[in-house]
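# Coordinate inspection notes
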Amino acid sequence: MEPQFFDQPGGFVGKPLVRVEGREKVTGKAKYSAEIPLPGLTYGVLATSTIAKGKIQSIDTTVAMREPGVIAVLTHQNLPKLAKTPNDDQGKKDTSAPMGFMPLTSDEIFYSAQPVALVVADTLDHAIHAATLVRVTYATTPEQPIATFLDPRAKLFNPAQVQDGKVDGHQRRGDAKGAFASAPIQLTATYTHPVYHHNPMEPGSTTAHWEAPDRLVVYESTQGVTRTQTTLVAMTGLPREQVRVITKYLGGGFGCKGSMWPHTILTVQAAKAVGRPVKLMLTRKQQFTSMGHREDQHQTLQLGATADGKLTSLIHTKKSTTSPWDEYAESNSKIIDMLYASPTFEASYEMARANVMTSTFMRAPGEAPGSFALECSMDDLAARLGVDPLEIRLRNYADHDYSNDKPWSSKSLKQCYARGAELFGWSKRNPKAGATRDGRYLIGMGMATASYPVHSSQGTARARLYADGHAVVQSGATDLGTGTYTVMTQVAADSLGLPIEKVRFELGDTNLPTAPNSGGSIAAGTVSSSVFMAAQDVWQKLIKIAVGDKKSPLYKAKPEDVTMEKGRLFLKKDPSKGEAFGELMKRAELTDIEGMGRGRYGAGYETGQSAGPAGPGNNADAAGQHSMHSFGAHFCEVRVDMDLGVIRVSRWVSVMGAGRILNAQTARSQIIGGAIFGIGSVLMEATERDAKFSRYTNSDLANYHVPVNADIPNMTVEFVEEHDPYINAMGVKGIGEISMVGVAAAVANAVYHATGKRLRDLPLTPEKVM
Ligand code: MOS
């Protein structure tokens, strides 16, 4: 078939459709993972350790057990054994668990608030109360726990491998040290980041139901049902087809729901132990010690440049805290390596073990802190040379990806800069820092570049088109709340030629065709391409029937000469010759017809479509030949009250080039949400870990500050039109993460412009401003 999808007239893709599941959500009909009404449901509550390091000496559950309604108190002494735990290296690999330690497998305590017991009762109140009655005595070691890599006792080491595969924590391109040493302009700066916590509105929650002794169903708050299933399969030892994971609705995740954490399998084990379904929802406080966090880190960036501001060298080092078993560090250096035209680059990672749980990916893992260092330092370079910050970025514009020497699949960054500057009124900015005032407020304007890669991925979808003109389209994807249901319905409607209300899109179930995690900004592109390809499969089948059907106007036509629009098949050269799919299916006595599609990285639209899902001539090789990224720019105005040290973001503009935008409204909301996430990280968010006890002191939303409406101005968001033929069949790059990349720097750069003070120690709270 010829490409017809891009030209689908009057289509739904790109339109600002409201969320198809919005009514279910606001009326409470949408059932989240802790709202599944199962017969005989019981309630699980975790009791957690009061120390961060030591051993359980004794654990007394008799008082708790005597309480009314208590069904079981499970500890390391009586919990059913797992087939496999991540406690050894191979176990971690096999289970895909983010954390190399499974609580309730021994008497050892490695971090504060580590689960020590799980109470199951007939009501939530009974379980909460009984959990307070579990008596634990601890044998502490004479040595205090270590809380961060800054502790003088902490031993820094190079991790064997960082997230994106840098061996020994080192990466080099050219002679960065030599280039730095001989650079006319040399800048060195250290940026410090606190612990950050994902705080999705819906905390982690699990409802575990053993339908039979060897058949498990888990309703889970996860960003990926298949990945959760994989971990459950490994830990329970059950065959994959006997473990079903369902996630119909999700109240956010930001990465902490990207993999399966201990509370989930503990709930599964508890359900097995009591022989009834168990549901467990983390408390807000437990959310801070149960699903990872963004690690506390210091990064130093050395930047060498010519006298006219062209980069000659970038040297990046990062130090961070890790858990007693894992070597996770988000990879800040990726974006530093690729964003500008620096001929040389070097990066190294160090980490130290502490008595904390494992850190994990959090929105734009790596790019968020990495862009803070790079984009603040670029601003410093501009200030040092007296060059406009936008101009310094244009002087270092990368016309290809310097990190791997590949051409970009597409890049609209110059358009983003130009349009953003225009919308923001950048040209009105007084170049002098600390020189713009409005009454008692210092006014500053800053900007930063954003970028995020299109990650390699693949997924599948099924489309079932009914002769009566409706369709059910399915893919085991998840909707974080950001619009997967809606955008996939739009794509399905257009590619099947149906009105939107005739399409139902189903997701969030391992019984559906496998889809990747909603993470790393890959869901929109991969799943939409899968849906599109599934629809192409349907049309290929229908065309085959038509050209072999004597009663069809398309009888004996060559399949490649036939195309489809709005559900009508016709000859490309003579559109009058054709018929609607319903008539064709009626004659063929088909109530419905089904197609499968595989969407994947690098399988481009042009060839992907003409070849069909399994056909030759796909564009997969292009994935290896091109560097695939989205790009954008953020512009920020702040008002700084120097008497109180308070920074307020007063204006905001983001312009993004991210391939095809599937829904103007949900996409705008994504960018706004990410920018607010970034504003939180730069101005207020920080989890305080007590240095002596390695315990969080502000693990609730009263003390862990996130932005509220009053903190955020009206935001302007635009997308530049961008057609990328290489990334995937729908040309969608994804926008979940890029929305917050560069945001912290844009704010900090605006604060510098307002005050003349460069702040590098996050978050920029009032005492640091004054
Ligand atoms: Mo995102 S941190 O990949 O869920």
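Residues numbered from 1 in each chain as written. Predicted model: local features only at pLDDT ≥ 70, side-chain atom pairs only at ≥ 80, totals over all residues.

### A word on the environment of glycine 659
Of note, glycine 659 is situated in the loop between strand E27 (646–657) and helix H18 (664–683). Considering only alpha carbons, one finds glycine 659 and glutamate 589, 70 residues apart in sequence, at a separation of 41 Å. (Helix = DSSP H or I, 4+ residues; strand = E, 2+ residues; numbered from the N terminus.)

### Quick word on the UniProt feature "domain: Aldehyde oxidase/xanthine dehydrogenase a/b hammerhead" (unreviewed entry) in the chain
Mapped onto the present numbering, the UniProt feature "domain: Aldehyde oxidase/xanthine dehydrogenase a/b hammerhead" (unreviewed entry) falls on residues 27–142. In residues 27–142, the share of helix is 17% and the share of strand is 28%. The end C-alpha atoms are 55 Å apart. (UniProt positions renumbered as here; feature names shortened; annotations may be inferred.)

### Quick look at helix H14 (residues 523–547)
Taking 1.5 Å per residue, 25 residues should reach 36 Å; H14 reaches 36 Å between its end C-alpha atoms and fits that length. Most of H14 sits inside the fold, with 20 of its 25 residues counted as buried. (Expected span 1.5 Å × (residues − 1). Buried ≥ 20, exposed ≤ 12 C-beta atoms within 10 Å, placed from the backbone.)

### Overview of the domain arrangement of the chain
Note: interface size is frequently given as the accessible area lost on complex formation between the parts. Split by domain assignment, the chain resolves into domain 1 (22–30 + 456–622) and domain 2 (366–453 + 628–769). A C-alpha centroid distance of 37 Å is found between domain 1 and domain 2. Facing the 27 residues of domain 1 at the interface are 19 residues of domain 2. For the side of domain 1 that touches domain 2, the secondary-structure elements that each account for two or more residues are helix H13 (484–496), H14, strand E25 (592–600) and helix H16 (605–611). At seven residues, H14 tops the list of elements feeding residues into the side of domain 1 that touches domain 2. (Domains from an automatic or database assignment. Contact = placed C-beta atoms within 7 Å.)

### Some details on the packing of H13 against H14
Geometrically, a packed helix pair is captured by the angle between its two axes and the distance between the axes. It is the contact of H13 with H14, at a shortest axis distance of 9 Å, that shows an interaxial angle of 25 degrees. Accordingly, the angle class assigned to the pair H13 and H14 is roughly parallel. As H13 packs across H14, the resulting crossing turns out to be right-handed. Touching Thr484, Val487, Met488, Val491, Ala492, Ser495 and Leu496 of H13 are Ala523, Ala524, Val527, Ser528, Val531, Phe532, Ala535 and Val538, all from H14. Among the residues making up the contact of H13 with H14, the classes are represented as twelve nonpolar, three polar and no charged. (Axes fitted to C-alpha atoms, helices over the stretch in contact; angles between N-to-C directions. Parallel < 35°, antiparallel > 145°, perpendicular 65-115°, else oblique. Left-handed = near helix turned anticlockwise from the far one by under 90°. Nonpolar A, V, L, I, M, F, W, Y, C, P; charged D, E, K, R; others polar.)

### Description of the pairing of strand E14 (residues 297–305)
Bridge count between strand E9 (residues 185–193) and E14: nine bridges; the pairing is antiparallel. Bridge pairing in E14 links tyrosine 191 to glutamine 299. In terms of strand pairing, E14 meets strand E15 (residues 311–322) through nine bridges, oriented antiparallel. Bridge pairing in E15 places glutamine 299 opposite lysine 318. The antiparallel pairing of E14 with E15 creates a hairpin that spans five residues between the two strands, and glycine 309 there sits at a positive phi of about 85 degrees. (Pairing = 2+ DSSP bridges.)

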